[in-house]
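As a plain string of letters, each chain reads:
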Amino acid sequence: MTDHSADADHSAEQSMRIAFSPCPNDTFVFDAWAHGRVPGAPPIDVTFADIDLTNGMAERGELDILKVSYAVLPWVLEEYTLLPCGGALGRGCGPLVLTKEGGVDLTGKTVAVPSERSTAYLLFRLWAAEVVPGGVGEIVVLPFHEIMPAVRDGKVDAGLVIHEARFTYQEYGLHSLADMGEHWETTTGLPIPLGAIIAKRSLGEERLRELAQVIRSSVRQAWDAPEVSRPYVLAHSQEMDPAVADQHIGLYVNEFTADLGEDGYAAVRGLLTRAAAEGLVPAVGAGALSFP
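The text that follows walks through the structure, step by step, so that each part is easy to find. As the structure is a prediction and not an experimental result, all values here were calculated from the model.

### Here we look at the sheet that holds strand E11 (residues 175–179)
No. 1: In space, the five strands of this open sheet follow the order E9-E8-E10-E7-E11, with mixed pairing throughout. On the outer flanks of this sheet lie strand E9 (139–141) and E11, each paired with one strand and no other. Pairs of neighbouring strands in the sheet enclose a mean axial angle of 30 degrees, with direction left out of account.
No. 2: Looking at chain direction, strand E7 (residues 96–99) and strand E10 (residues 158–161) are connected through three bridges and run antiparallel. From the neighbouring strand, Val97 faces E10, where its bridge partner is Leu160.
No. 3: In the packing of helix H4 (residues 119–131) onto the sheet, the strands contacted are E7, strand E8 (111–113), E9, E10 and E11, and the crossing angle to E10 comes to about 125 degrees.
No. 4: Strands in contact with helix H5 (residues 144–152) are E7, E8 and E10; relative to E10, the strand with the most contacts, it is inclined by about 160 degrees.

### Observations regarding the environment of Leu66
No. 1: You can see Leu66 is positioned in strand E4 (residues 65–69).
No. 2: Sequence-wise, Leu66 and Ile51 are 15 residues apart; in three dimensions their C-alpha atoms are separated by 9.7 Å.

### A word on the pattern of salt bridges
No. 1: Per the counting criterion, the structure on display carries 13 salt bridges.
No. 2: Here Asp26 ties to Lys67 by a salt bridge, and the two come within 2.6 Å at their closest N and O atoms. A residue pair is termed long-range when its members are at least 10 positions apart, and Asp26 in helix H1 (residues 24–34) and Lys67 in strand E4 qualify at 41 residues. By the burial criterion, Asp26 is buried, and Lys67 matches it.
No. 3: The residue Arg230 makes a salt bridge to Asp246 at a minimum N-O spacing of 2.9 Å.

### Focus: the nonpolar core
No. 1: Formed by 57 residues in total, the largest nonpolar core has its most connected members in Leu66, Tyr70, Leu73, Phe124 and Trp127.
No. 2: Sort the elements by how many residues they give to this core and H4 lands first, with eight residues.
No. 3: Apart from the residues within four sequence positions on either side, Trp127 is in contact with Val97, Leu106, Val132, Ala178, Met180 and His183.
No. 4: Counting residues in each nonpolar core, the second largest holds 32 residues, with Phe30, Val219, Val244 and Ala245 among its members.

### A few points about H4
Along an α-helix, residues three or four apart share an orientation, since each turn contains 3.6 residues.
No. 1: Here H4 contains 13 residues, and its C-alpha end-to-end distance of 18 Å stays within 8% of the 18 Å for a straight helix at 1.5 Å per residue.
No. 2: For H4, the set of buried residues is Thr119, Ala120, Tyr121, Leu122, Leu123, Phe124, Leu126, Trp127 and Ala128.

### Some words on the pairing of strand E3 (residues 44–48)
No. 1: Across the five residues of E3, five count as buried, placing the element largely inside the fold.
No. 2: Here E3 shows two buried faces, one formed by Ile44, Val46 and Phe48 and the other by Asp45 and Thr47.
No. 3: The pairing of strand E2 (residues 16–20) with E3 spans five bridges and is classified as parallel. Across the sheet, the residue bridging to Met16 is Ile44, located in E3.

### Considerations on the side chain of Arg216
No. 1: Here Arg216 lies in helix H8 (residues 205–224).
No. 2: Take Arg216: its relative accessible area is 12%, and that puts it in the buried class.
No. 3: In this structure Arg216 touches Pro84, Cys85, Ala258 and Asp259, once residues within four positions along its chain are discounted.

### Description of the environment of Val253
No. 1: Inspection of the secondary structure puts Val253 in the loop between helix H10 (242–252) and helix H11 (255–258).
No. 2: For the pair Val253 and Gly90, spaced 163 residues apart in sequence, the C-alpha separation works out to 8.3 Å.
No. 3: Once residues within four sequence positions are removed from consideration, Val253 is found in contact with Asn25, Phe28, Val29 and Trp223.

### Points about the packing of aromatic side chains
No. 1: What the rule picks out here adds up to six aromatic pairs.
No. 2: Between Phe30 and Trp33, the ring centres sit 6.2 Å apart and the planes meet at 35 degrees, which makes this aromatic pair tilted. Of this pair, Phe30 and Trp33 both sit in helix H1, three residues apart, which is roughly one turn of that helix. For the pair formed by Phe30 and Trp33, the shared burial category is buried.
No. 3: Pairing Phe124 with Trp127 gives two aromatic rings, centres 5.8 Å apart and planes at 35 degrees, and the pair type is tilted. With Phe124 and Trp127 both in helix H4, this residue pair falls three residues apart, about one helical turn.
No. 4: Under the relative-accessibility criterion, Phe124 is labelled buried at 0%.
No. 5: In this structure an aromatic cluster arises from ring pairing among Phe20, Phe30, Trp33, Phe48 and Tyr232.
No. 6: Arg117 extends its terminal NZ or CZ atom over the ring of Trp75, reaching a point 3.6 Å from the ring centre.

### Examining the environment of Pro282
No. 1: Its place among the elements puts Pro282 in the segment after helix H12 (261–277).
No. 2: Expressed as a C-alpha distance, the spacing of Pro282 and Leu73, which sit 209 residues apart in the sequence, is 9.5 Å.
No. 3: Among all residues touching Pro282, those that are not within four sequence positions of it are Pro74, Trp75 and Ala276.

Rules used in this analysis
- Residues numbered from 1 in each chain as written.
- Predicted model: local features only at pLDDT ≥ 70, side-chain atom pairs only at ≥ 80, totals over all residues.
- Heavy atoms only, no water.
- Pairing = 2+ DSSP bridges.
- Helix = DSSP H or I, 4+ residues; strand = E, 2+ residues; numbered from the N terminus.
- Axes fitted to C-alpha atoms, helices over the stretch in contact; angles between N-to-C directions.
- Contact = heavy atoms within 4.5 Å.
- Salt bridge = Lys/Arg side-chain N within 4 Å of Asp/Glu carboxyl O.
- Buried < 20%, exposed > 50% of the residue type's maximum accessible area, 1.4 Å probe, protein only.
- Core = buried A, V, L, I, M, F, W, Y, C linked by side-chain atoms within 4.5 Å.
- Expected span 1.5 Å × (residues − 1).
- Phe/Tyr/Trp six-rings, centres within 6.5 Å; stacked < 30°, edge-to-face > 60°.
- Lys NZ or Arg CZ within 6 Å of the ring centre and 35° of its normal.

The structure is reproduced here in structure tokens:
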């Protein structure tokens, strides 16, 4: 699905091509930029796609700017650079493992996940290595909005969910077996790195620094006047209750969205270092996360 709301006066060839999810945190962050309200910002041609699709786009080198899972960075950092803003990190906002009954042993069980290259799945793998020594069974990739119904209907034994599912899983009669973010925070003391904003290195250092400032400006405008972004947020939030959309934004759009900062970068390095040590991702070079 493509949204051409950026600026009809500019052709697609002149626009920066960007993909992010239709989730409230992303539409909230990018609303001002997408609608031409950031002075001097280049117009953008927006593609909406779930994280599994944007991760694949990044691996194939498609588009100029992408919202991806931090977990996919080891495969894409040669072509893309991590922007120091616009993404999703936080505390108390980690993925949950949901089941129909409480206290389920996941050994040999089928688990639905939103993407095998997602940060949620990486956190799950790090958790399972400690808590499910026998190993889980089959992993099934589903769009995140299909995961809770699949668990409820018995199509899978458990589901790894993200985003607003934290607020709605009980409506499906499900139980939270474990909180991946709680496990991460307890063992590291760091915020949970979830979604990253990356941009093509070939754009050049000057343009990359400009894009970071544009994103920061778009975030600040959304914070200053949240009602302005509301139509864009609700138009793409898949009939989500407005109150849930607000909770979603409150949880995932925070100080790390404006600037990763020392703790943010430490969290990203920590995740990728631990995952590489477990053999889950390739090791990342010393300066690979540095921003121009």
